[in-house]
Amino acid sequence: MLYADDIVLIGKTAPELQETFNTWFTELEKHGLRISRTKTEYMECDLGGTEELNCEIQIENTALPKVERFKYLGSMLTTDARVDEDVNHRVNTAWLKWRSLSGVLCDTRMPVKTKGKIYKTAVRPAMLYGAECWTALKKHEQQLHTAEMKMLRWAGGRRNATGQSPQ
């Protein structure tokens, strides 16, 4: 998968991935491009049927760091292919966006219709980015709904029992 200067290589086995990586490495470096030795990492997923685990991928005889998760194009990818971490990440991202706009969203002089438009165009997309690819469970839907209701209540002037920000 290619996007701008990010490349994701996928292989069914460690030797297949190492061979693909070596090909990319050779061709990129031959054309004057350099693969970052500090940012390049790999992740191993056991999605069933994989016999080879605990493999090692190398760049010029140096082992690459193995990670349990990484962010690619704003989505969190994990070794178990679950979306829990990505949902948490998207909710946190939405809260950051909401906080950056709270001066407008919580302004009592701002019309509710305008607040709604701002929320729908800035905060909600931040929360739902990549959601169309999730295998979401009820708990994920509930988590998103809860965060959205807290944001909307706060923007509407309804504070929680402690009078504090909902998050």
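Coordinates for the structure precede this section.
Below, the structure is looked at part by part. (Residues numbered from 1 in each chain as written. Predicted model: local features only at pLDDT ≥ 70, side-chain atom pairs only at ≥ 80, totals over all residues. Heavy atoms only, no water.)

Some remarks on the pattern of salt bridges
Formally: Basic side-chain nitrogens of Lys or Arg form a salt bridge, by our definition, when they fall within 4 Å of a carboxyl oxygen of Asp or Glu. Starting at the N terminus, helices and strands are each numbered in turn, a helix being any DSSP run of H or I of at least four residues and a strand any DSSP run of E of at least two. When a residue's accessible area, from a 1.4 Å probe over protein chains only, is under 20% of the maximum for its type it is buried; when over 50% it is exposed; and in between it is partly exposed.
Enumeration according to the criterion identifies 10 salt bridges in this entry. The partner of glutamate 141 in a salt bridge is lysine 138, and the shortest N-O contact between them spans 3.9 Å. Taken together, the residues span about one helical turn, with glutamate 141 and lysine 138 both in helix H5 (residues 138-155) at a distance of three residues. Assessed through its relative accessible area of 43%, glutamate 141 is described here as partly exposed. Exposure remark for lysine 138: the relative accessible area of 67% places this residue in the exposed category. Sharing partners across several salt bridges, the network here consists of Glu29, Arg37 and Glu60.

Thoughts on helix H1 (residues 14-30)
Spelled out, the test is: Expected helix span is taken as 1.5 Å per residue step, with the number of steps being one fewer than the number of residues. When we speak of the arc, we mean the arc of directions from the helix axis to the C-beta atoms. Working rule for contacts: check all heavy atoms of both residues, and any pair within 4.5 Å makes them a contact. Contacts described as polar in this section are N or O atom pairs within 3.5 Å, which, within protein, must combine one atom able to donate a hydrogen with one able to accept it, while residues neighboring in sequence count only if both atoms come from side chains.
Here H1 spans 24 Å end to end across 17 residues, near enough to the 24 Å set by a 1.5 Å rise per residue. Residues of H1 that are buried: Ala14, Leu17, Gln18, Phe21, Phe25 and Leu28. Buried positions in H1, seen along its axis, are confined to an arc of 100° and lie on one side of it. For H1, the exposed residues lying more than 90 degrees away from the buried face are Pro15, Glu19 and Lys30. Packing partners of the buried residues in H1 comprise strand E2 (6-7) and strand E3 (58-59). Measuring from the backbone nitrogen of glutamate 16 back to the side-chain oxygen at the start of H1 gives 3.2 Å, which picks out threonine 13 as the cap. Just downstream of H1 lies glycine 32, where phi reads positive at about 85°.

Things to note about the packing of aromatic side chains
Quick reminder of the rule: Under the pairing criterion, centres of Phe, Tyr and Trp rings, with the six-membered ring standing for Trp, must be within 6.5 Å; the plane angle then separates stacked pairs below 30 degrees from edge-to-face pairs above 60, leaving the rest tilted.
For the structure shown, the criterion picks out two aromatic pairs. With a centroid separation of 6.3 Å and an interplanar angle of 25°, the aromatic rings of phenylalanine 21 and phenylalanine 25 are classed as stacked. Taken together, the positions of phenylalanine 21 and phenylalanine 25, both in helix H1 and four residues apart, correspond to about one turn of that helix. Owing to a relative accessible area of 8%, phenylalanine 21 belongs among the buried residues under this scheme. A relative accessible area of 13% means that phenylalanine 25 is categorised as buried. With a centroid separation of 5.5 Å and an interplanar angle of 75°, the aromatic rings of tryptophan 95 and tryptophan 98 are classed as edge-to-face. A residue pair is termed a helical-turn pair when its members lie 3 or 4 positions apart in one helix, as tryptophan 95 and tryptophan 98 do in helix H2 (residues 84-100) at three residues. We classify tryptophan 95 as buried; its relative accessible area is 1%.

Concerning the environment of leucine 128
Here leucine 128 lies in helix H4 (residues 112-128). Sequence-wise, leucine 128 and arginine 90 are 38 residues apart; in three dimensions their C-alpha atoms are separated by 6.8 Å.

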